[in-house]
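Here's the letter readout for the chains.
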Amino acid sequence: MKVLEFEVAHEAFETGKQELADIIKSWIWGHEPEWLERLNFEDDHIFTEPSLFYFFRTLTLGKPAAMTLAQILWGYHDDANRPARIEAISDADGLIYLPQVGYIHTHLPGLQSFDLQWVDEKTIEINGKAHPVQGLRCSQDGNFLLLDYKPGIYTEKAIQFLEPIADSTQAAEPQLELVLKLLAHKMPDFYAAVKASTREYGIFNSTNFESFTALHHFGSAFLNLAGQKQSEVFFLDDVAHQSGHVMYYTLTHNFAKFLKPNRYTLLRDFSNVTHDDRSVYGAFHGLFTYTTILHTLHKSIQERWFDDPALEQEALARLGFYFGKFELDLSYQGDSRVLTDEGWRYYDMFYAGFGRLKREYQHLVRSLDYSNQDYNFNFDKFQKANQLQLA
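We now turn to the structure provided with this report. As a convention, each chain's residues are numbered from 1 in the sequence order in which they are written. Where totals are concerned, whole chains, interfaces and linings use all residues; where local detail is concerned, this predicted model gives features only for residues with pLDDT of at least 70, and gives and counts side-chain atom pairs only at 80 or more. The side-chain values count all of the structure's non-hydrogen atoms but skip hydrogen atoms and water molecules.

## Some remarks on the overall build of the protein
- Here a strand is any run of E in DSSP of at least two residues, a helix any run of H or I of at least four, and the numbering for each starts at the N terminus. Summing up its helical and strand segments, the protein has 15 helices and twelve strands in all.
- Against the globule reference of 21 Å for 391 residues, the protein gives a C-alpha radius of gyration of 22 Å, in line with a compact fold.
- Across its three principal directions, the C-alpha atoms of the protein cover 70 × 45 × 40 Å.
- Buried, partly exposed and exposed residues are distinguished by accessible area as a fraction of the type maximum, computed with a 1.4 Å probe on protein chains only: under 20%, between the cut-offs, and over 50%, respectively. Split into buried and exposed, the 391 residues of the protein put 54% on the buried side.
- Here, residues are in contact when the closest pair of their heavy atoms is within 4.5 Å. Put simply, 64% of the contacts in the protein that link residues at least 6 apart link residues at least 24 apart.
- Residue-level accessible areas treat just the shown protein chains as cover; the underlying method is Shrake-Rupley with a 1.4 Å probe. Accessible area for the protein stands at about 17,400 Å²; split by element, carbon and sulfur atoms hold 49% of it.
- Positive charges come from Lys and Arg, negative ones from Asp and Glu, while His and the chain ends are left out of the count. To locate a charge, the coordinates of NZ of Lys, CZ of Arg, CG of Asp or CD of Glu are taken. Of the side chains in the protein, 35 bear a positive and 53 a negative charge, and the two mean positions are spaced by 4 Å. As a reference, a globule follows 2.2 Å times the number of residues to the power 0.38, and the radius of gyration itself is taken over C-alpha atoms.

## Focus: the packing of aromatic side chains
- Think of it this way: a Phe, Tyr or Trp ring, Trp meaning its six-membered ring, pairs with another when their centres are within 6.5 Å, and the plane angle makes it stacked under 30 degrees, edge-to-face over 60, tilted otherwise. This model, assessed by the stated rule, comprises 45 aromatic pairs.
- Ring centres of Phe234 and Phe235 lie 5.0 Å apart, and the angle between their planes is 80 degrees; on these two criteria the pair is classed as edge-to-face.
- The criterion for a charge sitting over a ring is simple: Lys NZ or Arg CZ within 6 Å of the ring centre, and within 35 degrees of the ring normal. Between Arg38 and the ring centre of Trp35, over which it is positioned, the NZ or CZ distance is 4.4 Å.
- The ring of Trp74 has Arg82 lying over it, and the distance from NZ or CZ to the ring centre is 4.7 Å.

## Some thoughts on the layout of surface pockets
- Every definition here rests on a 1 Å grid over the protein atoms only: cavities are sets of points where a 1.4 Å probe fits but cannot get out, pockets are open sets enclosed by protein on both sides within 12 Å along at least five of seven lines, and lining residues have some atom within 4 Å of a point. Grid points are joined across faces, edges and corners, and a volume is the space filled by probe spheres set on the points. Each pocket or cavity is described by its volume, and for the second largest pocket that value is around 420 Å³.
- Elements supplying a minimum of two residues to the lining of the second largest pocket: α1 (11-31), α3 (44-47), β10 (144-146) and α8 (188-197).
- Gly counts as polar in this scheme, as do all residues outside two lists: the nonpolar Ala, Val, Leu, Ile, Met, Phe, Trp, Tyr, Cys and Pro, and the charged Asp, Glu, Lys and Arg. Here the residues of the lining of the second largest pocket are counted per class, giving nine nonpolar, nine polar and seven charged.

## What to know about the sheet that holds strand β7 (residues 123-126)
- Strand pairing requires that DSSP identify at least two bridges connecting the strands. Ordered in space as β3-β6-β7-β8, the four strands form an open sheet in which the pairing is antiparallel. The open sheet terminates on both sides in strands that have one partner only, identified here as β3 (85-89) and β8 (129-132). The average undirected angle you get between the axes of adjacent strands in this sheet is 40 degrees. Angular values range over 0 to 180 degrees, each being the angle between N-to-C directions of two axes fitted as lines to C-alpha atoms, with helices fitted over their stretch in contact.

## Digging into the packing of helix α7 (residues 165-186) against helix α9 (residues 232-252)
- Where α7 contacts α9, the two axes come as close as 9 Å, and the packing angle between them is 60 degrees. With respect to α9, the element α7 is oriented oblique. When the axes of α7 and α9 are compared, the crossing they make is right-handed. Contacts from Ala172, Gln175, Leu176, Leu178, Val179, Leu180 and Leu183 of α7 reach α9 at Glu232, Phe235, Leu236 and Val239.
- Taken together, the residues of the contact of α7 with α9 break down into nine nonpolar, one polar and one charged. Note on terminology: angles under 35 degrees are roughly parallel, angles over 145 are roughly antiparallel, angles of 65 to 115 are roughly perpendicular, and the others are oblique. Here a crossing is taken to be left-handed if its near helix is turned anticlockwise relative to the far helix by less than a right angle, and right-handed if that turn runs clockwise.

## Focus on the sheet that holds strand β9 (residues 137-139)
- Spatial ordering of the open sheet is given by β9-β10-β11-β12, a layout of four strands whose pairing is mixed. The sheet is open, and its two edges are formed by β9 and β12 (220-224), each paired on a single side. Neighbour to neighbour, the strand axes of the sheet diverge by 30 degrees on average, direction disregarded.
- Sheet topology places strand β11 (residues 200-204) next to β12; five bridges connect them, and they run parallel. Bridge pairing in β12 links Glu200 to Ser220.
- Seen against the sheet, α7 touches β9, β10, β11 and β12 and runs at an angle of roughly 130 degrees to β11.
- Most of the contacts of α9 go to β12, to which it runs at about 150 degrees, and overall it touches β11 and β12.

## A few points about the environment of Asn272
- Within the secondary structure layout, Asn272 lies in the loop between α10 (268-271) and α11 (280-302).
- Of the residues examined, Asn272 reaches a relative accessible area of 62% and is grouped as exposed.

Here's what the structure looks like:
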């Protein structure tokens, strides 16, 4: 895969996933080893289930589990070997999620434990009452799961929702589907890397939090509609951003290979930028996600992916929005106290890619006004601040 001047072999993604799966296997072995006898030990798809990463995160922190291990792994059994009964925990809305299987609406207050008894492939019994199993929602020919429930990580981050998750997902699904198809057709090499690392998208609508991913929910990309009617260009940007994080976790989860300090060390300890609260690892991630975002926006502009002039304008505006951020991060992180030799190798590719795009676009974006923008780019605000330039 090559994005701008950053290049890595596709085998690196498979190696990274295998290493992460091995970590999960070792955690299961230390917690409930009998599960390893019930499942196909060689199938790393099982052991990169995103809910497993979050389960062991909460276990390590001594926090209440958002799902039981039986609930997470039940759908990965062969039908003949599935336990007839399991304990499961509902989400904040009273929905029980069974990976690989579907959802059960309890119609009861959330975050409760339930005893589930399997009746048939479409029915679960809870306290003697039958409940139908709602099927999973997928995108792009089944390559990506679209989450219709609230994972525990939403509660951890205290996200306030403007509408039900199912409504956000249903509204966003056509545009997300279109963007994934564009990537598959126009950037097959990049799309293959996205598909190799991102397993699921969680769509939510909130104004108190940002889109995000997390290594302790590896494989998930959470896209926030942010209270706006978002365009296809937003989804192109955010898929490249959040799936970019998942891709980079796959490549760099062994952070000591790239960074000299502990991953949680604050970057400002080296840059002396006192308002910067990011860790060195978080900032290092930013260099990659700026690269994936700018690469996809650049391709969409150069190849005229969008017929609507407003969408082309938004793609260019978003590209310019990231220029200053990327350039500052490059200046903060080019430091031998932070980067190992391998870290410098990655950094040099990021630096070269930014330099190439800056030479190509600087004359188009240098006069654009981004002074009214927040962390998340808002095209309506951009248009108001740039009426003369866009006239």
